[in-house]
Amino acid sequence: HRLDDTISGKQKSRREDLRRELCDLFLQYHNLKVYASINCTGVRKILKKYDKTMHDNLKETQLDRMKNMLPFWDGTPHVEGNMEKLRDYFTLYFCNGDSNE
């Protein structure tokens, strides 16, 4: 009977480790999303300041090019998609499928 308790304890420990890892991964994705957003804002502001100082239209001519160079430009769809998957996994395994929990 103690062996069952030990196995159950190990399973609980693994489950808690998985829960913690999912939460950590979600937080890392969230931080990446915020970082990407701040960088996009920075690029826009730099181009705007450059245009104002140099009396140029670099923002208009180069913004699309810059968007193609930066992988997480518009709303970070890859990051948001992965965050949604993590939410779904967490809900399924730790909230019995109830997203309100």
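Residues numbered from 1 in each chain as written. Predicted model: local features only at pLDDT ≥ 70, side-chain atom pairs only at ≥ 80, totals over all residues. Heavy atoms only, no water.

### Things to note about a nonpolar patch on the surface
This is how it is decided: Only residues above 30% relative accessible area that lack a salt bridge enter a patch, with like-charged residues linked at up to 9 Å and the nonpolar side chains Val, Leu, Ile, Met, Phe, Trp and Tyr linked at up to 5 Å. For the area figures, the Shrake-Rupley method with a 1.4 Å probe applies, and any residue is considered shielded solely by the protein chains shown. Salt bridges are counted wherever a side-chain nitrogen of Lys or Arg sits within 4 Å of a carboxyl oxygen of Asp or Glu. Helix and strand definitions follow DSSP, with helices as H or I runs of at least four residues and strands as E runs of at least two, each counted in order from the N terminus.
Residues Tyr-89, Leu-92 and Tyr-93 make up a contiguous nonpolar surface patch of about 340 Å² in total accessible area. Tracing the backbone through its elements, the reader meets Leu-92 in helix α3 (residues 77-94).

### A word on the pattern of salt bridges
This is how the line gets drawn: The buried label applies to any residue whose accessible area, calculated with a 1.4 Å probe on protein chains only, is under 20% of its type's maximum; exposed applies above 50%, and partly exposed to all values in between.
Going through the model one piece at a time under the given rule, you end up with three salt bridges. The partner of Arg-20 in a salt bridge is Asp-17, and the shortest N-O contact between them spans 3.0 Å. Placement of both Arg-20 and Asp-17 in helix α1 (residues 2-54) is noted, with a separation of three residues, approximately one turn of the helix. Classification of Asp-17 as partly exposed rests on a relative accessible area of 37%. Among the salt bridges present, the one from Glu-80 reaches Lys-33, with a minimum N-O distance of 3.4 Å.

### So, the confidence of the model for the protein
Rules: Every residue gets a pLDDT, meaning the predictor's confidence in that residue, from 0 to 100.
For the protein, the average pLDDT comes to 85, and 90% of its residues sit at 70 or higher. By mean pLDDT, helix α2 (residues 58-69) is the weakest element of the protein at 84, and α3 is the strongest at 90.

### Side note on α3
Cut-off, in case you're wondering: Each residue after the first adds 1.5 Å to the expected span of a helix. Starting at the helix axis, one direction is taken to each C-beta atom, and the arc is that of these directions.
If you check α3, its first and last C-alpha atoms are 25 Å apart, about what 18 residues at 1.5 Å a residue would give, namely 26 Å. Those residues of α3 that fall on the buried side of the exposure criterion are Val-79, Met-83, Leu-86, Phe-90, Thr-91 and Phe-94. On an axial view of α3, the arc spanned by its buried residues comes to 135°, and they lie on one face. Along α3, exposed side chains directed more than 90 degrees from the buried face belong to Pro-77, His-78 and Leu-92. One or two residues past the end of α3 sits Asn-96, with phi positive at roughly 55°.

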